[in-house]
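Below are the chains, spelled out letter by letter.
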Amino acid sequence: MANERLRKARKNKNDEFYTQLADIEEEMRHYKKYFKGKTVLCNCDDPRISNFFHYFSYNFEHLGLKKLITTCYKNQNRDLFSQYDCDQAIYLEYSGSKKGGNVPEAEEIGIKYLKGDGDFRSKECIELLKQADIVVTNPPFSLFREYVAQLMEYNKKFIIIGNKNAITYKEIFHLIKENKIWLGYRNINKDMWLILPEKEEKYEKFIDGKKLKHIMACWFTNFDISKRHEELILYKNYNPQDYPKYDNYDAINVDKTSNIPCDYYGIMGVPITFLDKYNPEQFEILGDSRYHDGKQEADDINIINGKQLYRRILIKRKGEK
């Protein structure tokens, strides 16, 4: 069954994306204090071309890392993540420059061979996961549920990229609701331009020899970042005309996060982009338009005058009222 899912994932072009170095640098600068003395694992990256490996190896001393481990999945017929054709999956270990420099040299990077294909769920890759303190990578979007479930099972800290639609997955949304996972620093409205493999013929931009495609993606993490504690300033006042109730649920609809009323303490339906501003000290997530009232799955409630709106998250202000 696992191999069948991987074969399907290989056919899914959304799995063959590489992250631009600039996007990694932009996000990682906010987490510098967490990396000192830690082992970082990038377990969905071809270490020979991964910008994650590039970033952490070139900033190894700056971040004060203990060790860097990078692995990728190797299909015996064709790589899922790699443009290279090799007989065996590998992983790299880097423990810093022995010569005191900031640029890693080839002889300082330990190249090791895996017995299997490098699937992140394989026993030997799980053993590498156990060694890691922090996982940072761009996992295959089609396996995102399984990937996050594994991180939670082994209680790992992580900073990973996922499709924005993953927010609406039942398994992921429940973790968000329970404050076990949340969005990173990058604005959710700011999509990413990810790098396509050289073999890919369809692309939207060609910059510096790289084929790029516009992807609806964002960062997910479980680090308690300062952004989560920034209070959302509310200035709109509630009135029934601007905030109609749903046809089949006792909650008002709010079309924009910036329009959340400052004087309403009942249940509100807000767009998923609200999660970019979500402060668990200010708001409580009750569910969404599909998963609410403690039900695993219920009828959609985001309907006004018979018209169904985009997915909504049900929230409530915290406070005395």
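Everything in this summary refers to the structure shown in the same document. Just so you know, these numbers come straight off a predicted model, no measurement behind them. (Residues numbered from 1 in each chain as written. Predicted model: local features only at pLDDT ≥ 70, side-chain atom pairs only at ≥ 80, totals over all residues. Heavy atoms only, no water.)

### Topic: the pairing of strand β18 (residues 312–317)
In terms of burial, β18 is a largely internal element, 5 of the 6 residues being buried. As defined by bridge partners, strand β15 (residues 283–288) adjoins β18 across 5 bridges and the pair is classed as antiparallel. The residue bridging Phe 283 from the neighbouring strand is Arg 317, located in β18. (Buried < 20%, exposed > 50% of the residue type's maximum accessible area, 1.4 Å probe, protein only. Helix = DSSP H or I, 4+ residues; strand = E, 2+ residues; numbered from the N terminus. Pairing = 2+ DSSP bridges.)

### A few points about the sheet that holds strand β2 (residues 67–71)
If you walk across this open sheet you meet the 8 strands as β4-β3-β2-β1-β5-β6-β11-β7, and the pairing is mixed. Edge strands, defined here as strands with exactly one partner in the open sheet, are β4 (109–113) and β7 (182–183). Summarising the sheet, β7 and strand β11 (residues 217–221) pair through 2 bridges and their orientation is antiparallel. Bridge assignment links Trp 182 to a residue of β11, and that residue is Thr 221. On the sheet, helix α7 (residues 144–153) packs against β5 (134–137), β6 (157–163) and β11 and is oriented at approximately 170 degrees with respect to β6. (Contact = heavy atoms within 4.5 Å. Axes fitted to C-alpha atoms, helices over the stretch in contact; angles between N-to-C directions.)

### Re helix α2 (residues 21–28)
Within the sequence span of α2, burial applies to Asp 23, Ile 24, Glu 27 and Met 28. Each buried residue of α2 lies within a common arc of 120 degrees when the element is viewed along its axis, so the set occupies one face. Buried residues along α2 sit in contact with α3 (32–35), α4 (51–58), β5, β6, β8 (192–196) and β11. (Arc of directions from axis to C-beta.)

### What about the nonpolar core?
Soluble globular proteins tend to pack their nonpolar side chains together in the buried interior. Core analysis: the largest hydrophobic core is formed by 48 residues, its most contacted members being Phe 220, Ile 260, Leu 275 and Ile 315. The residues contacting Leu 275, other than those within four sequence positions of it, are Ile 167, Ile 176, Leu 183, Ile 285 and Ile 313. Counting 35 residues, the second largest nonpolar core, distinct from the first, contains Leu 63, Ile 109, Tyr 185 and Ile 215. (Core = buried A, V, L, I, M, F, W, Y, C linked by side-chain atoms within 4.5 Å.)

### Observations concerning the packing of aromatic side chains
A complete count under the given rule lists 15 aromatic pairs for this structure. Look at Phe 60 and Tyr 94: their rings are 5.1 Å apart centre to centre, the planes differ by 75 degrees, and that puts the pair in the edge-to-face class. On the criterion of sequence distance, the pair formed by Phe 60 in helix α5 (residues 60–63) and Tyr 94 in strand β3 (residues 90–94) is long-range, its members being 34 residues apart. The same class applies to Phe 60 as to Tyr 94, namely buried. The interplanar angle of 55 degrees and the centroid separation of 5.3 Å between the aromatic rings of Phe 144 and Phe 220 together place this pair among those described as tilted. Of this pair, Phe 144 sits in helix α7 while Phe 220 sits in strand β11, and the two are 76 residues apart along the sequence. With relative accessibility at 1%, the residue Phe 144 sits in the buried group. (Phe/Tyr/Trp six-rings, centres within 6.5 Å; stacked < 30°, edge-to-face > 60°.)

### Some points on the sheet that holds strand β10 (residues 210–215)
Note on sheets: strands pair through backbone hydrogen bonds, and any given pair is parallel or antiparallel. If you walk across this open sheet you meet the 3 strands as β8-β10-β9, and the pairing is antiparallel. Two strands bound the open sheet, and with one partner strand each, they are β8 and β9 (205–207). If you compare each strand with its neighbour and ignore which way they point, the axes differ by 45 degrees on average. Judged from the 5 bridges that link them, β8 and β10 form a sheet pairing that is antiparallel. Directly across from Leu 196, in β10, lies its bridge partner Lys 211.

### Observations regarding the side chain of Glu 27
When you line up the elements, Glu 27 lands in helix α2. Although Glu 27 lies buried, it forms no salt bridge, and the closest oppositely charged side chain, Arg 186, sits 6.5 Å away as judged by the N-O distance. At 3.1 Å, the side chain of Glu 27 and the backbone nitrogen of Arg 186 are in polar contact. Those residues within four positions of Glu 27 in sequence are excluded, and the remaining contacts are Ile 159, Gly 184, Tyr 185, Arg 186 and Trp 219. (Lys, Arg positive; Asp, Glu negative; His and termini not counted. Salt bridge = Lys/Arg side-chain N within 4 Å of Asp/Glu carboxyl O. Polar contact = N/O pair within 3.5 Å; in protein donor to acceptor, adjacent residues only side chain to side chain.)

### Considerations on the packing of α7 against helix α8 (residues 170–177)
Orientation of α7 relative to α8, taken along the N-to-C sense of each, is 40 degrees, at an axis distance of 9 Å. It follows that α7 is oblique to α8 by the angle criterion. Side by side, α7 and α8 meet where Phe 144, Arg 145, Val 148 and Met 152 of the first sit next to Glu 171, Ile 172 and Leu 175 of the second. The residue inventory of the contact of α7 with α8, partitioned by class, reads 5 nonpolar, no polar and 2 charged. (Parallel < 35°, antiparallel > 145°, perpendicular 65-115°, else oblique. Nonpolar A, V, L, I, M, F, W, Y, C, P; charged D, E, K, R; others polar.)

### Things to note about α8
For α8, the full list of buried residues reads Ile 172, Phe 173, Leu 175 and Ile 176. Down the axis of α8, the smallest arc covering the buried residues is 160 degrees, so these residues share one side. Residues of α8 that are buried in the fold lie against α7, β11, β15 and β18. A positive backbone phi angle near 60 degrees is found at Asn 179, which sits one or two residues after α8.

### A few points about the side chain of Asp 191
With respect to the helices and strands, the residue Asp 191 is situated in the loop between β7 and β8. There is a polar contact of 3.2 Å between the side chain of Asp 191 and the side chain of His 214. If we ignore the near neighbours within four places in the chain, the residues touching Asp 191 are Lys 164, Arg 186, His 214, Ile 215, Met 216 and Ala 217.

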